[in-house]
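Here is how the chains run, residue by residue.
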Amino acid sequence: MVRLLLETATDVCSVALARDGKILAEQTATEPHLHASHLTLFIQEVMQQADTKLTELSEVVLSDGPGSYTSLRVGAATAKGLCLALPGLSLRVVPTLAALMLAAKPHSEATLAVINSRRGEVYGQFFMPEGARPQVQSEVFGKQGLGHLDPLFLGPQNIRLTEPDWLDRLIAAAQTAYFRVCGPGQQRVWDHLPNNDGEVLGCAGPEHCSAIHLLAPAAAPNWSRVVDIAAYEPFYLNPPFVTKSKKKPLG
């Protein structure tokens, strides 16, 4: 199994190539916002470094988001193009926050994986050790069938760090007064932490997204899925942020 791994959910573009579960080559940008100009070049470079042809690929593995709207679209378009050009090549996607959680150091506390979103916000999702979910607080399920399980355990959510009760909400969701944070959004979380209280939060692992983090979940059916390239759209969570031009129109 030869997998081409593409990480484009955040500001940093990263590409890796793996054969039978082993990373053969990796290229990661040293500067942000280079997806459009560097992604295809990185693909060529890792293929050359590993002495592998595109026709040998079995899967393209793409970071599914949430993340930057523009960079996710660049990654999706590139992955789809490869699958269309190479018959038999499939597209597998991995939730970005889950990949970060699986790359974090082993521990016994809940983990909050976070990626920077808009100013004062992060995308976040809670995970229990080894990906387990916490017990619901009530055995009586309503019509939705989820009891009191916090949405932060069910999927990525917007966390607004400018709201006065954001930390209390996270503590309530985690059902503990101490949890760990991983991912490129952790510095923003720390910056908004009242009194920089290290007794509440701990660091659990990667501070940056990397294509190599996609390999483990790509091999796990519970953390990845093969998608139809014609219908696939990345998980944006938020619509694109569009600003209006201040220039006076001609005419």
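Cut-offs and rules
Residues numbered from 1 in each chain as written. Predicted model: local features only at pLDDT ≥ 70, side-chain atom pairs only at ≥ 80, totals over all residues. Heavy atoms only, no water. 1 Å grid on protein atoms, 1.4 Å probe; cavity = no way out; pocket = protein on both sides within 12 Å on 5 of 7 lines; lining within 4 Å. Points joined across faces, edges and corners; volume = space filled by probe spheres on them. Helix = DSSP H or I, 4+ residues; strand = E, 2+ residues; numbered from the N terminus. Nonpolar A, V, L, I, M, F, W, Y, C, P; charged D, E, K, R; others polar. Salt bridge = Lys/Arg side-chain N within 4 Å of Asp/Glu carboxyl O. Buried < 20%, exposed > 50% of the residue type's maximum accessible area, 1.4 Å probe, protein only. Core = buried A, V, L, I, M, F, W, Y, C linked by side-chain atoms within 4.5 Å. Contact = heavy atoms within 4.5 Å. Phe/Tyr/Trp six-rings, centres within 6.5 Å; stacked < 30°, edge-to-face > 60°.

S.K.: Hey, could you go over the layout of surface pockets for me, with residue numbers and the actual values?
M.R.: Put simply, the largest pocket is a space of about 570 Å³. Considering the residues around the largest pocket, the lining is formed by 23 residues, among which D11, G67, S68, N116 and S117 are closest to the centre. Mapped by element, the contributors of at least two residues to the lining of the largest pocket are α2 (69-85) and β6 (111-116). A class-by-class count of the residues in the lining of the largest pocket yields eleven nonpolar, nine polar and three charged.

S.K.: So, the pattern of salt bridges: which residues are in play, and what are the values?
M.R.: Note that side chains of opposite charge can pair when their charged atoms are close. All told, the structure shown has seven salt bridges when counted by the stated rule. Residue E109 pairs with R180 through a salt bridge whose shortest N-O separation is 2.9 Å. With a gap of 71 residues between them, E109 in the loop between α3 (96-103) and β6 and R180 in strand β9 (residues 179-182) connect regions that are remote in the sequence. A residue is classified by how much of its surface remains accessible, and R180, at 22% relative accessible area, is partly exposed.

S.K.: Tell me about the nonpolar core, residues and numbers included.
M.R.: In terms of nonpolar packing, the biggest core is built from 28 residues, with L4, L6 and L91 touching the most fellow members. Elements supplying a minimum of two residues to this core: β1 (2-7), β2 (14-19), α1 (35-49), β4 (59-63), α2 and β5 (90-94). Top element by residues in this core is α1. It accounts for five residues. For L91, the residues in contact, after removing those within four places along its chain, are V60, L62, A79, C83, R225, V226, V227, I229 and Y232.

S.K.: I'd like a description of the packing of aromatic side chains, backed by residues and values.
M.R.: With the rule as written, the count across this model stands at four aromatic pairs. With centroids separated by 4.4 Å and ring planes inclined at 35°, the aromatic side chains of Y69 and Y236 adopt a geometry described as tilted. Within this pair, whereas Y69 is found in helix α2, its partner Y236 is found in the segment after β11 (225-227), the two being separated by 167 residues in sequence. A residue is classified by how much of its surface remains accessible, and Y69, at 29% relative accessible area, is partly exposed. Under the relative-accessibility criterion, Y236 is labelled buried at 14%. Seen from their ring centres, F127 and W223 are 6.0 Å apart, and the 65° between their planes marks the pair as edge-to-face.

S.K.: For unusual backbone geometry, give the residues involved together with the corresponding values.
M.R.: Here G65 and P66 are connected by a cis peptide whose omega angle stands at 10°. With respect to the helices, strands and loops of the structure, P66 is situated in the loop between β4 and α2. With a phi angle near 50°, D20 is a residue other than glycine that sits in the positive phi range. Within the fold, D20 resides in the loop between β2 and β3 (22-28). Even without glycine at this site, Q175 takes up a positive phi of about 60°. On the secondary structure map, Q175 appears in the loop between α5 (166-174) and β9.

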